[in-house]
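Report on the structure
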Amino acid sequence: MAGPAASENQNFCFKDELDAFKLCLSPNKEVILEHYLAGWSGLVKFLNRLGNVFGFISKDASSKIQILRNFLNGESGSEYFTVQSMVKYELENKLVDLKKAGSHPESGCRTLLRLHRALRWLELFLERLRTSQEDGKTSAMCAESYNESLAQFHPWVVRKAAGLAFCMLPGRLAFFEVMNVGTPDQVVAMLGEALPVVTEVYQITQELYAKHDLLDIP
Ligand SMILES: CCCCCCCCCCCCC/C=C/[C@@H](O)[C@H](COP(=O)(O)O)NC(=O)CCCCCCCCCCCCCCC
């Protein structure tokens, strides 16, 4: 947005947040955890701008980001440089509860899997947003994306709460304004650029987790 509104919104632009996901792929296509978490932090920041009703969602995401940051800043931090090195390290050292929750209820692998599943929701939602018509309903786009992805991993009460929260989402134009990227055309163009990156990060992680049989860890 040009003019005075731009300065009010100065310290937030959705494009910067998605750029973190661009940074998170290393030259040999490994996922750099620090940037992956920066990407998620940006999304949480955006969610907080949408209002308090999303607080229970952003709290859960923040606490998972924090768990992973603690590993990254901890004494074995270098093992957590990429998602690939994290998986290798935690599996080799038996730091993951693979079948049922036991002595490692908050492993890096388990925690990242929750964010990874949410990234699929993001991918579906952004694609709907990108291709939506002027009168498109963000709440419906959000609910459809959720039902096709994350919902299958959530118990009834979480699905119910999420469904109620989605109803509070602003309409398409107001939503674009919160993103603070520019005109609707510019938002659509930005989404078109950002989506392939989100997709690639998702797919690389998905293949890694599938290869190690980690997609169902409790
Ligand atoms: C724009 C609207 C945002 C809607 C967000 C859609 C996702 C809805 C997720 C509802 C999660 C409810 C909170 C509870 C979750 C946990 O139970 C559950 C399982 O964890 P556990 O195994 O440790 O118990 N946690 C999760 O599945 C992780 C959820 C992480 C959600 C992160 C959502 C960030 C949303 C960022 C919005 C960005 C929108 C960008 C659009 C341009």
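By convention here, each chain's residues receive numbers from 1 onward along its written sequence. A pLDDT threshold of at least 70 governs which residues receive local features in this predicted model, and a stricter bar of 80 or more applies before side-chain atom pairs are shown or counted, although totals over entire chains, interfaces and linings include all residues. The side-chain numbers reported here are obtained from all heavy atoms of the structure, hydrogens and water having been left aside.

Here we take up the confidence of the model for the chain. One number per residue, pLDDT, summarises how confident the predictor is, and it ranges from 0 to 100. Looking at the chain as a whole, the pLDDT averages 93, with 95% of positions reaching at least 70. Between two residues, a contact is recorded if the distance between any of their heavy atoms is within 4.5 Å. Contacts for the low-pLDDT stretch residues 1-8, under 50 throughout, to residues beyond four places or in other chains number five contacts. Reported confidences for the modelled complex are a pTM of 0.95 and an ipTM of 0.97.

For the purposes of this analysis, a disulfide is any pair of cysteine sulfur atoms at a distance within 2.5 Å. Scanning the model with the defined rule gives zero disulfides in all. Not engaged in a disulfide, the cysteine cysteine 13 finds its nearest cysteine sulfur in cysteine 24; these two sulfurs lie 18 Å apart. Note on classification: 1.4 Å probe, protein chains only; a residue is buried when its accessible area is under 20% of the maximum for its type, exposed when over 50%, partly exposed between these limits. Exposure remark for cysteine 13: the relative accessible area of 18% places this residue in the buried category. We note that cysteine 142 lacks a disulfide partner, and the nearest cysteine sulfur, in cysteine 167, lies 9.8 Å from it. The class of cysteine 142 is buried, set by a relative accessible area of 3%.

Moving on: the site of the ligand. Around the ligand sit 27 residues in total, of which Asp60, Lys64, Arg110, Arg114 and His154 are the nearest. Polar contact criterion, stated in full: a pair of N or O atoms within 3.5 Å, where within protein one must be able to donate a hydrogen and the other to accept it, and residues adjacent in sequence count only if both atoms are side-chain atoms. The side chain of aspartate 60 places a nitrogen or oxygen atom 2.8 Å from a nitrogen atom of the ligand. Contacts to the ligand include lysine 64, whose side-chain N or O atom sits 2.8 Å from an oxygen atom. Look at the ligand: alone it shows 930 Å² of surface, and the protein chains cover 89% of it. Each helix corresponds to a stretch of at least 4 residues labelled H or I by DSSP, and each strand to a stretch of at least 2 residues labelled E; elements are numbered beginning at the N terminus. Elements that contribute at least two residues to the shell around the ligand include exactly α3 (33-50), α4 (55-73), α6 (108-130), α7 (138-148), α8 (156-166) and α9 (172-179). Sort the elements by how many residues they give to the shell around the ligand and α6 lands first, with seven residues. Here the shell around the ligand is composed, by residue class, of 22 nonpolar, one polar and four charged. Any residue with a heavy atom lying within 4 Å of a molecule or strand is counted as near it. Throughout, the Shrake-Rupley method with a 1.4 Å probe supplies accessible areas, and for residues the shown protein chains are the sole cover considered. Classes in brief: Ala, Val, Leu, Ile, Met, Phe, Trp, Tyr, Cys and Pro nonpolar; Asp, Glu, Lys and Arg charged; the others, Gly included, polar.

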